[in-house]
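Topology and contacts: notes
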Amino acid sequence: MQISLFASLAIFCYACRFGLLVSASIPFLPKDCQDILWSGQKKSGVYTIYPQGTGGFKAFCDMTTAGGGWTAIQKRKNGKIGFNRFWKEYQYGFGDIGGEHWIGNQRIHQITSQGWYELRIEMSDFKNKRKYALYRIFSVGSKKTGYRLTVGEYEGNAGDSLGYHNGCSFFARDRDTNSCSHRFKGGWWYKACHHANLNGLYLKGDHSSVANGVNWYHWHGYHYSLKTTEMKIRRQYIIEHFCLTTLICVTSTMMKTRLFFLFVIFVIGNSAKIYRRTPFLSAFFPQDCQDILWSETTENGVYTIYPRGTGGFRVYCDMKTAGGGWTVFQKRKDGRVNFNRNWVDYKYGFGNIGGEYWLGNRRIHQLTSQGWYMLRVDMSDFTGKTKYAEYRVFSVGNQSSGFKITVDEYRGNAGNALSYVNGQPFITKDKDRNNCSRKYKGGFWYKACHYANPNGLYLRGRHASFADGVNWKQWHGYHYSLKTMEMKIRRL
């Protein structure tokens, strides 16, 4: 009943927000490009937006990338605009909104102070290869803070070059307390000095100078200047915006009172961090796939979840197996994704959420730190036989613990191959204190060394090499690499 009530409220808010219930005398003033997308405009281009407390200004809206609704704050594409500029120019913005530009630190602050925003950075090199970095947490502080950057929760394939700058104030050539702007020829949130320099000189590929181009350290390093970069932002949480608008739309005093009361409950719950335990709000901000199942969504697929302290991220939800509600953090099925990777890859995750992937040790920690979780491992061989293992106790520690695993209380028919590694930190080939990752070709919680190797090489059945496949010793031993394996968790 509670879910149904708030689903109805959300629909009512949508209807009001999009003009179905709005009086003709009330103009539609979009706060950002996401509002413009919701109003039915699906073509990328220059639009006028009206962030709260402003008289409106023009912004370029990307309506096609990753669902659209992105407000561009920076664009580099041909070097026609110089970015080695003064503080005031970066404060108020410069360039051509339809081409290369910086929208302005004051504008970015005005937009991101309206709610929770994410940042997406698209980039390409001169061979037309493309990468992206997504940060689920992004905001820029006021002028008083020096337009301080808050950025976190990285996803993507470009590498996390911006996370290093979290908490830094903005620097320009005439406000340069650390000399970074002078040295690296741009305005940026320099630290000492940078892992990303997207406002540096446009040097067209390889350059002999150090780190003063349009650089993204984790992709092409400090001696390659990228061809294009686009920084764009999008709101994540929308319910409060819809409902506030609805309060304006509704003419009935009684209905206004009721909606205002419901909205206050939402805001208080949000600020107190209790809303995720409340069924009707869990439907909007699910902590994990179990919350999504409780909202009466029963189809397997990719969904966005919002564990505490995160800006949300996408996961695959198994809604069918053993009652459903499983958040999948690992999947092997065809060998298309390489799992013999470095620490950073395993920390942030890799692969395709809809296919083979590792969600990321940091994500697994964020999930399992919310409450009591159990682990289920489903596996199959190349004859079509299946087995499973469940562990009623499962969690992953924080980075300072080495993402230490806690796993116990086995049941199932595959054999107990995981309790052996209880209490072990995570090991990868570049952080391999026991030489297990190098020997067995994967990242895992190795001890000395393993009874299970879910992230080993995809060797398609029997193999002559020893224990370096997708092995589960208690089922097929050390010389058989399984066809499929899924590791997934659910709250108890």
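See above for the structure.
Here's a quick rundown of the structure. (Residues numbered from 1 in each chain as written. Predicted model: local features only at pLDDT ≥ 70, side-chain atom pairs only at ≥ 80, totals over all residues. Heavy atoms only, no water.)

Description of the overall build of the protein chain
Assigned secondary structure in the protein chain consists of 14 helices and 26 strands. Residue pairs at least 24 apart in sequence account for 52% of intrachain contacts in the protein chain once pairs closer than 6 positions are excluded. (Helix = DSSP H or I, 4+ residues; strand = E, 2+ residues; numbered from the N terminus. Contact = heavy atoms within 4.5 Å.)

Digging into the state of the cysteines
One pass over the structure, following the stated rule, counts 4 disulfides. Disulfide pairing is shown between Cys180 and Cys193; the S-S distance is 1.9 Å. When the S-S torsion is -80°, as for the bridge of Cys180 with Cys193, the disulfide is left-handed. Of this pair, Cys180 sits in helix H5 (residues 180-184) while Cys193 sits in the loop between H5 and strand S9 (196-197), placing them 13 residues apart in sequence. Between Cys436 and Cys449 runs a disulfide, and the two sulfur atoms are separated by 1.9 Å. (Disulfide = S-S within 2.5 Å.)

A short note on the side chain of Asp432
Tracing the backbone through its elements, the reader meets Asp432 in the loop between strand S21 (405-412) and helix H13 (436-440). Residue classification places Asp432 among the buried residues on the basis of a relative accessible area of 11%. Contacts of Asp432, omitting those with residues within four sequence positions, involve Ile427, Ser437 and Arg438. (Buried < 20%, exposed > 50% of the residue type's maximum accessible area, 1.4 Å probe, protein only.)

Remarks on unusual backbone geometry
Look at the link from Ala192 to Cys193: it is a cis peptide, with omega at 0°. Along the chain, Ala448 connects to Cys449 via a cis peptide bond; the corresponding omega equals 5°. A positive phi angle is found at Ala322, which is not glycine, with a value near 45°. With respect to the helices and strands, Ala322 occurs in the loop between strand S15 (313-318) and strand S16 (326-332).

Description of the environment of Leu482
Mapped onto the secondary structure, Leu482 falls in the loop between strand S25 (480-481) and strand S26 (484-491). Of the residues examined, Leu482 reaches a relative accessible area of 1% and is grouped as buried. Spatially, the C-alpha atoms of Leu482 and Arg462 are 8.8 Å apart, while their sequence positions differ by 20 residues. If we ignore the near neighbours within four places in the chain, the residues touching Leu482 are Met379, Ser380, Asp381, Phe382, Tyr458, Val470, Trp472, Trp475 and His476.

Some details on the environment of Arg183
Along the chain, Arg183 turns up in helix H5. Remark: the alpha-carbon pair of Arg183 and Cys193, spanning 10 residues in sequence, is separated by 9.1 Å. Those residues in contact with Arg183, other than ones at most four positions away along the chain, are Cys193 and Asn212.

Brief notes about the pairing of S15
Counting buried positions over the 6 residues of S15 gives 5, a clear majority of the element. Pairing analysis gives 3 bridges linking S15 to S16, with the strands arranged antiparallel. Across the sheet, residue Cys317 finds its bridge partner in S16, namely Thr327. (Pairing = 2+ DSSP bridges.)

Some words on the pattern of salt bridges
Side chains carrying opposite charge are able to pair once their charged atoms draw close together. Applying the stated criterion to the full structure yields 25 salt bridges. Close ionic contact of Arg136 with Glu118 constitutes a salt bridge, the shortest N to O distance being 2.9 Å. Note that Arg136 is positioned in strand S7 (residues 130-140) and Glu118 in strand S6 (residues 117-124), a separation of 18 residues in sequence. We note that Arg136, like Glu118, is buried. Here Glu122 makes a salt bridge to Arg130, at a shortest N to O gap of 3.8 Å. Here the residues in one salt-bridge network are Asp318, Lys331, Arg376, Asp378, Glu390, Arg411, Glu486 and Lys488, joined through shared partners. (Salt bridge = Lys/Arg side-chain N within 4 Å of Asp/Glu carboxyl O.)

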